[in-house]
Amino acid sequence: MSAVSASAGTAVAAPGEFAPLQVGPLSIWPPVVLAPMAGVTNVPFRRLCRDLGAGLAVTEMITARGFREGNPTTLALARGGPGEHPRAVQIYGSDPADVAAMVAALVDDGVDLVDMNFGCPVPKVTRQGGGSAIPVRPRLLARLVSAAVEAAGSVPVTIKVRKGIDESLSTYLDAGRVAVEEGAAAIGLHGRTAAQLYSGRADREAIARLVEAVPIPVLGNGDIWEWTDGLAMMRETGCAGIIIGRGCLGRPWLFGELAAAFEGHAPPPPPTMGEIVPILLDHARGLVECFGVDTGMRQTRKWCAWYTKGFRGARAVRAELLRVSTPSELESLLAGLDPAEPFPRSALRAQRAKRGRTQRVRLPEGYLDDRDDDRPPRSARLEASERALSGG
Ligand SMILES: Cc1cc2nc3c(=O)[nH]c(=O)nc-3n(C[C@H](O)[C@H](O)[C@H](O)COP(=O)(O)O)c2cc1C
């Protein structure tokens, strides 16, 4: 009989219970995707998550505007790691011409999958009609998806959305219809509205409703903190795959636990501090290799906080970890920690980014009066906000 999680009584997969996630020509197993996360899903973290068991890892969102303008940071974010395959890039764009140009360039560069972000809740962007405001106007959404699909040729295009603006303005079913009509290969749904940001619980019923409504694969997203949540999401909603965001911040081995559970094996117990140290060091070295010592170590500091969250023994060195400036300094700080300290249960479901608060979403003046308008939003303010975008 299959292993059962002590916390939720969830059984690991039965033989043949789940199939690989099929996205166009790509067959993804396990059907577990590392979510696009700004400032997080760069080359070293994608590599780490893939090595530990993620079926697919997507870049953070990359703006089509910055890409068109040749912004060096934007171009660097879009690059793949050595041998990265399948290579998936998430793009953010509100203008079909920018989107088409970026997708064509990515395809020329060998990208295997293009994901489009239509869930960004950043106020500066929605107020100008960008981000999660786009699905409010399904014909504009259709123009954007169609521009990407056409430019992508045989490379699959997927879209990622939220439930809607708020409880009174739901957009995900329209987005699903548009995705199907315009030839998207799959749709990911974060079960929250833009107003909810990251608060409350992700709505699995909405994900199940989308699964019923569309013939393409649906990826369920939101609040997968433990492997049990991942299997429960698949079973309760019938979704074809899952997207993991905050649950893997400082806990990339969650992908290994999910991979085991999808294979029908009992997942290994969470690592002790002694098992985490080499993972953190490997991650830090990857960041330094990718971004240089200054930027790489600056990025490493937030990871130190995430990896050591809840560990009592790390309290004494936490302040030093947040100032660490070289890999060897990091190594010696970590060498002082008790390798036998077990993973603290309290840290399993602890939020490591984007703490819970809500917002009132602002749309452009009169935006709801003509939801059939398919003209891309254009304003100097939107351009400036899109240039500064981070996070969806
Ligand atoms: C730090 C951070 C950055 C994010 N950046 C993006 C992004 O670039 N594109 C995107 O579509 N979603 C972004 N998201 C949203 C996640 O992809 C995901 O939809 C959300 O976190 C819900 O999943 P979770 O409950 O597993 O975290 C971001 C989330 C976080 C925490």
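Residues numbered from 1 in each chain as written. Predicted model: local features only at pLDDT ≥ 70, side-chain atom pairs only at ≥ 80, totals over all residues.

Domain parsing of the protein yields domain 1 (21-269) and domain 2 (273-342). One C-alpha centre belongs to domain 1, the other to domain 2, and the line joining them spans 29 Å. Across the contact, eight residues belong to domain 1 and nine residues belong to domain 2. For the side of domain 1 that touches domain 2, the per-class residue count stands at five nonpolar, two polar and one charged. (Domains from an automatic or database assignment. Contact = placed C-beta atoms within 7 Å. Nonpolar A, V, L, I, M, F, W, Y, C, P; charged D, E, K, R; others polar.)

A separate point is the environment of Val 136. Looking at the secondary structure, you find Val 136 in the loop between α5 (123-126) and α6 (138-152). The spacing of Val 136 and Asp 370 is 234 residues in sequence and 9.9 Å in space, taken between C-alpha atoms. Among residues more than four places away in sequence, those in contact with Val 136 are Ile 165, Leu 169, Thr 171, Leu 363, Tyr 367 and Arg 371. (Helix = DSSP H or I, 4+ residues; strand = E, 2+ residues; numbered from the N terminus.)

This next bit is on unusual backbone geometry. Residue Trp 29 is joined to Pro 30 through a cis peptide bond whose omega torsion reads -5°. Here Pro 30 shows up in the loop between β2 (26-28) and β3 (32-34). Between His 85 and the following residue, Pro 86, the backbone shows a cis peptide bond with an omega angle of -5°. Here Pro 86 is to be found in the loop between α3 (72-77) and β5 (88-92). Positive phi outside glycine occurs at Leu 197, with the angle close to 50°. Non-glycine residue Asp 223 carries a positive phi angle of around 65°. With respect to the helices and strands, the residue Asp 223 is situated in the loop between β11 (218-221) and α9 (227-237).

Okay, the environment of His 190 next. Assignment of secondary structure puts His 190 in strand β10 (residues 186-190). As a C-alpha pair, His 190 and Gly 164 span 26 residues in sequence and 9.7 Å in three-dimensional space. In this structure, His 190 is in contact with Gly 119, Arg 162, Ala 202, Asn 221 and Gly 222, ignoring residues within four places of it in sequence.

All right, on to the confidence of the model for the protein then. Mean pLDDT over the protein stands at 94; residues scoring 70 or higher make up 97%. A low-confidence stretch, residues 1-7 stays under pLDDT 50, and its non-local contacts, those more than four residues away or across chains, total 13 contacts. (pLDDT = per-residue confidence, 0-100.)

This part takes up the sheet that holds strand β4 (residues 56-63). Ordered by their spatial adjacency, eight strands build a closed barrel running β3-β4-β5-β6-β7-β10-β11-β12, and the pairing between neighbours is parallel. Neighbour to neighbour, the strand axes of the sheet diverge by 25° on average, direction disregarded. Across four bridges, the pairing between β5 and strand β6 (residues 113-118) is parallel. Across the sheet, residue Val 89 finds its bridge partner in β6, namely Val 114. Across the sheet, helix α8 (residues 204-213) is in contact with β10 and β11; its angle to β11 comes to roughly 180°. (Pairing = 2+ DSSP bridges. Axes fitted to C-alpha atoms, helices over the stretch in contact; angles between N-to-C directions.)

Extensive coverage of β10 is indicated by the burial of five of its five residues. A two-sided burial pattern is seen for β10, the buried positions comprising Ala 186, Gly 188 and His 190 on one face and Ile 187 and Leu 189 on the other. As paired strands, strand β7 (residues 157-162) and β10 are joined by five bridges and run parallel to one another. When the sheet's bridge partners are listed, Thr 158 is paired in β10 with Ala 186. (Buried ≥ 20, exposed ≤ 12 C-beta atoms within 10 Å, placed from the backbone.)

What follows is about the packing of helix α7 (residues 172-182) against α8. Contact geometry of α7 with α8 gives a least axis separation of 10 Å together with a crossing angle of 30°. Here α7 is positioned roughly parallel relative to α8, judged by the angle of their axes. Judged by the twist between their axes, the crossing of α7 over α8 is right-handed. Here α7 contributes Tyr 172, Leu 173 and Gly 176 to the contact with α8, which in turn contributes Ala 206, Leu 210 and Ala 213. Class assignment for the residues of the contact of α7 with α8 results in five nonpolar, one polar and no charged. (Parallel < 35°, antiparallel > 145°, perpendicular 65-115°, else oblique. Left-handed = near helix turned anticlockwise from the far one by under 90°.)

Attention now goes to the nonpolar core. Membership of the largest hydrophobic core comes to 97 residues, with the highest contact counts inside it found for Val 33, Ile 91, Val 114, Val 145 and Ala 148. Counting residues per element, this core draws most heavily on α6, which supplies nine residues. Among residues more than four places away in sequence, those in contact with Val 33 are Ala 54, Gly 55, Leu 56, Val 58, Leu 219, Gly 241, Ile 242, Ile 243 and Ile 244. In this structure, Met 273, Leu 287, Val 288 and Tyr 307 belong to the second largest nonpolar core, which totals 15 residues. (Core = buried A, V, L, I, M, F, W, Y, C linked by C-beta atoms within 7 Å.)

Two numbers describe how α8 lies on α9: the axes approach to 9 Å, and their chain directions differ by 50°. In this view, α8 runs oblique relative to α9, as classed from their interaxial angle. Considering only the axes of α8 and α9, their crossing is right-handed. Across the interface between the two elements, Arg 204, Ile 207, Ala 208 and Val 211 from α8 touch Met 233, Glu 236 and Thr 237 from α9. Classifying every residue of the contact of α8 with α9 by side-chain character gives four nonpolar, one polar and two charged.

We now examine the pairing of β6. Burial analysis of β6 places six of its six residues in the buried class, the great majority of the element. A two-sided burial pattern is seen for β6, the buried positions comprising Leu 113, Asp 115 and Asn 117 on one face and Val 114, Met 116 and Phe 118 on the other. Handedness of the β-α-β unit built from β5, helix α4 (residues 96-108) and β6 comes out right-handed. Pairing geometry for β6 and β7, over five bridges, is parallel. Each residue of the ladder has a partner; that of Met 116, found in β7, is Ile 159. (Right-handed = clockwise from strand over helix to strand, strands pointing away.)

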